[in-house]
Amino acid sequence: MEGQTPGSRSLPEKPHPATATATLSSMGAVFILMKSALGAGLLNFPWAFSKAGGVVPAFLVELVSLVFLISGLVILGYAAAVSGQATYQGVVRGLCGPAIGKLCEACFLVNLLMISVAFLRVIGDQLEKLCDSLLSGTPPAPQPWYTEQRFTLPLLSALVILPLSAPREIAFQKYTSILGTVAACYLALVITVQYYLWPQGLVRESRPSLSPASWTSVFSVFPTICFGFQCHEAAVSIYCSMRKRSLSHWALVSVLSLLACCLIYSLTGVYGFLTFGTEVSADILMSYPGNDMVIIVARVLFAVSIVTVYPIVLFLGRSVMQDFWRRSCLGGWGPSALADPSGLWVRMPLTVLWVTMTLAMALFMPDLSEIVSIIGGISSFFIFIFPGLCLICAMGVEPIGPRVKCCLEVWGVVSVLVGTFIFGQSTVAAVWEMF
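Below, the structure is looked at part by part. None of these values were measured; they are calculated from a predicted model.

Each value, and the rule that gives it
- Residues numbered from 1 in each chain as written.
- Predicted model: local features only at pLDDT ≥ 70, side-chain atom pairs only at ≥ 80, totals over all residues.
- Heavy atoms only, no water.
- Helix = DSSP H or I, 4+ residues; strand = E, 2+ residues; numbered from the N terminus.
- Buried < 20%, exposed > 50% of the residue type's maximum accessible area, 1.4 Å probe, protein only.
- Contact = heavy atoms within 4.5 Å.
- Areas by Shrake-Rupley, 256 points an atom, 1.4 Å probe, with all protein chains shown as cover.
- Phe/Tyr/Trp six-rings, centres within 6.5 Å; stacked < 30°, edge-to-face > 60°.
- Salt bridge = Lys/Arg side-chain N within 4 Å of Asp/Glu carboxyl O.
- Disulfide = S-S within 2.5 Å.
- Expected span 1.5 Å × (residues − 1).
- Core = buried A, V, L, I, M, F, W, Y, C linked by side-chain atoms within 4.5 Å.
- Axes fitted to C-alpha atoms, helices over the stretch in contact; angles between N-to-C directions.
- Left-handed = near helix turned anticlockwise from the far one by under 90°.
- Nonpolar A, V, L, I, M, F, W, Y, C, P; charged D, E, K, R; others polar.
- Patch = residues over 30% accessible without salt bridge, like charges linked within 9 Å, V, L, I, M, F, W, Y side chains within 5 Å.
- Parallel < 35°, antiparallel > 145°, perpendicular 65-115°, else oblique.

Some points on the overall build of the chain
Then step 1. The helix and strand tally for the chain stands at 15 helices and zero strands.
Then step 2. When the 435 residues of the chain are sorted by exposure, 53% land in the buried category.
Then step 3. Considering only intrachain contacts with a sequence separation of at least 6, the fraction spanning at least 24 residues in the chain is 85%.
Then step 4. Of the accessible surface of the chain, which amounts to about 19300 Å², a share of 71% is contributed by carbon and sulfur atoms.

Printed below as a string of structure tokens:
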């Protein structure tokens, strides 16, 4: 597959991707993929281990998922080379047709919207715990109104998140992107050390359950793992920015980055579950005492890193809405004066709308685990279904031997079926829990 050129026989000749400036090193690609995958999902892994019924079943599910996760990244790199596109949506549209491309855009938008909701919910939880720790020296009394999420989260959104999200470009965010990786490594280290040191005030379950309640509970862990390792939306852009873009090299980058993420996620999940057992919270930091300085530092790191990542997610979602606005104006649906979607009069209303919608959903969603289940279900499209469809469609336009072609088509079908199962299972579970 590496020897094939992007200009295939059945596809129209496409120009080289404009964003592929060939400036990204291999190590840089590994760290960017890690940064994309290590985020708020890390907080849910101990809860996922508890839900699966123990370390062994959860770890087996994680390893099986890792095969499909790496496969999806490799397929997306190959599909980007075949289609000549530089964005995820462009690759799907170029290989699978405009109808599937529109479905991809819709799923892309909803997925980013729910990720923004999860980010705000995590920020709100950490703010609430930080306020509790600051007021822990006062006599027991009802918490002041200004420490509640309904006040602190809208205030932070208006004063910090909205100004960070307003600029047309977010190039300056690259300087803060390392915070996510640092926070993830620090949290995994803290949870591991806390298990062995057992500091004063930490109450943990002495003998956590080590067997799954049912096979259904084991399968229900897939959405959380998909949410945690979710970096596929950025895979095409990262691949097109690499200096060395052979498929074998991209596969090595994908394997190294996800194995490093797997180590961090596994340490957090195993020791978080062994510490709290079935009593672990959906947000592992909420299970620790609020006055522990080590945990306070972890909360601050995670809150700051997510505040800086939120504008990037908003930018990606806003770009999809801006593309729709541009097509509408070109089709004669909108006023010509507002034809430029990056202009202030279009960009700012879209930004305010995004922040307002996600803030309202974050305040009224009762539990972070429900948000994770929804995101995990939607992310199955980007990890399993769309890469599988791209692989199947690419086999129709690339000259490959019949035996290899048959094997790749079968793997594409398996990916689509697995993704459909995860989407259906997680959607039904999320709706059932909500009602």
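Still to come is the rest of the account.
Notes on the packing of aromatic side chains
Then step 1. Evaluation of the coordinates by the stated rule reveals 17 aromatic pairs.
Then step 2. On the basis of an interplanar angle of 85° and a centroid distance of 4.9 Å, the ring pair of Phe 276 and Tyr 288 is categorised as edge-to-face. Of this pair, Phe 276 sits in helix α11 (residues 247-276) while Tyr 288 sits in the loop between α11 and α12 (293-330); the two residues are 12 residues apart in sequence, bridging distant segments of the chain.
Then step 3. Judged by relative accessible area, Phe 276 falls into the buried class, the value being 4%.
Then step 4. Chaining the aromatic ring pairs together yields one cluster made of Tyr 88, Phe 108, Phe 381, Phe 382, Phe 386 and Phe 423.

Brief notes about the pattern of salt bridges
Then step 1. Per the stated rule, a full pass over the model turns up two salt bridges.
Then step 2. Between Arg 121 and Asp 125 there is a salt bridge whose closest N-O contact spans 3.5 Å. With Arg 121 and Asp 125 both in helix α5 (residues 98-134) and four residues apart, this pair spans about one turn of that helix.

Overview of the state of the cysteines
Then step 1. Counted by the stated rule, this structure contains zero disulfides.
Then step 2. The cysteine Cys 107 is free of any disulfide, with Cys 104 supplying the nearest cysteine sulfur at 7.0 Å.

Thoughts on helix α1 (residues 26-37)
Then step 1. The end-to-end C-alpha separation of α1 is 17 Å, in line with the 16 Å expected for 12 residues at 1.5 Å each.
Then step 2. Buried residues of α1: Gly 28, Ala 29, Val 30, Leu 33, Met 34 and Ala 37, and no others.
Then step 3. On its buried face, α1 is in contact with α3 (55-83), α9 (222-228), α10 (235-240) and α11.

Let's talk about α3
Then step 1. Look at α3: 41 Å from first C-alpha to last across 29 residues, which is about the 42 Å you get at 1.5 Å a residue.
Then step 2. Positive phi appears at Gly 84, one or two residues downstream of α3, with a value of about 75°.

Overview of the nonpolar core
Then step 1. One finds Ile 123, Leu 187, Phe 229, Trp 250 and Phe 382 to be the most contacted residues of the largest nonpolar core, which totals 124 residues.
Then step 2. Look past the residues within four positions of Ile 123 in its chain and what remains in contact with it is Leu 153, Leu 156, Ile 161, Ala 303, Ile 306 and Val 307.

Quick word on the packing of helix α7 (residues 178-197) against α11
Then step 1. Packing of α7 against α11 leaves a shortest axis separation of 9 Å and a crossing angle of 35°. By crossing handedness, the relation of α7 to α11 is classed as left-handed. Note on element contacts: α11 touches α7 through Ile 264, Leu 267, Thr 268, Tyr 271, Gly 272, Leu 274 and Thr 275, opposite Ala 184, Cys 185, Ala 188, Ile 191, Thr 192, Tyr 195 and Tyr 196.
Then step 2. Classifying every residue of the contact of α7 with α11 gives 10 nonpolar, four polar and no charged.

Things to note about a nonpolar patch on the surface
Then step 1. Taken together, Trp 145, Tyr 146, Phe 151, Leu 155, Leu 159 and Val 160 make up a surface patch of nonpolar side chains, about 610 Å² in accessible area.
Then step 2. Within the secondary structure layout, Leu 159 lies in helix α6 (residues 149-165).
Then step 3. Using a relative accessible area of 60% as the deciding quantity, one classes Leu 159 as exposed.

Thoughts on the environment of Leu 389
Then step 1. As for its placement among the helices and strands, Leu 389 is situated in helix α14 (residues 368-395).
Then step 2. Here Leu 389 falls in the partly exposed class, since its relative accessible area comes to 25%.
Then step 3. In the structure, Leu 389 is positioned 27 residues away from Val 416 in sequence and 7.0 Å away in space, judged by C-alpha atoms.
Then step 4. Sequence-distant contacts of Leu 389, defined by excluding residues within four places in its chain, comprise Cys 96, Ile 100 and Val 416.

A word on the packing of helix α2 (residues 45-52) against α3
For any two helices packed against each other, one specifies the inter-axial angle together with the distance between the axes.
Then step 1. The interhelical angle for the contact between α2 and α3, taken along N-to-C directions, is 115°, at an axis separation of 7 Å. Looking at the two axes, α2 sits roughly perpendicular to α3. Handedness of the α2/α3 crossing: right-handed. Residue-level contacts link Phe 45, Phe 49 and Ala 52 of α2 to Val 55, Pro 57, Ala 58 and Glu 62 of α3.

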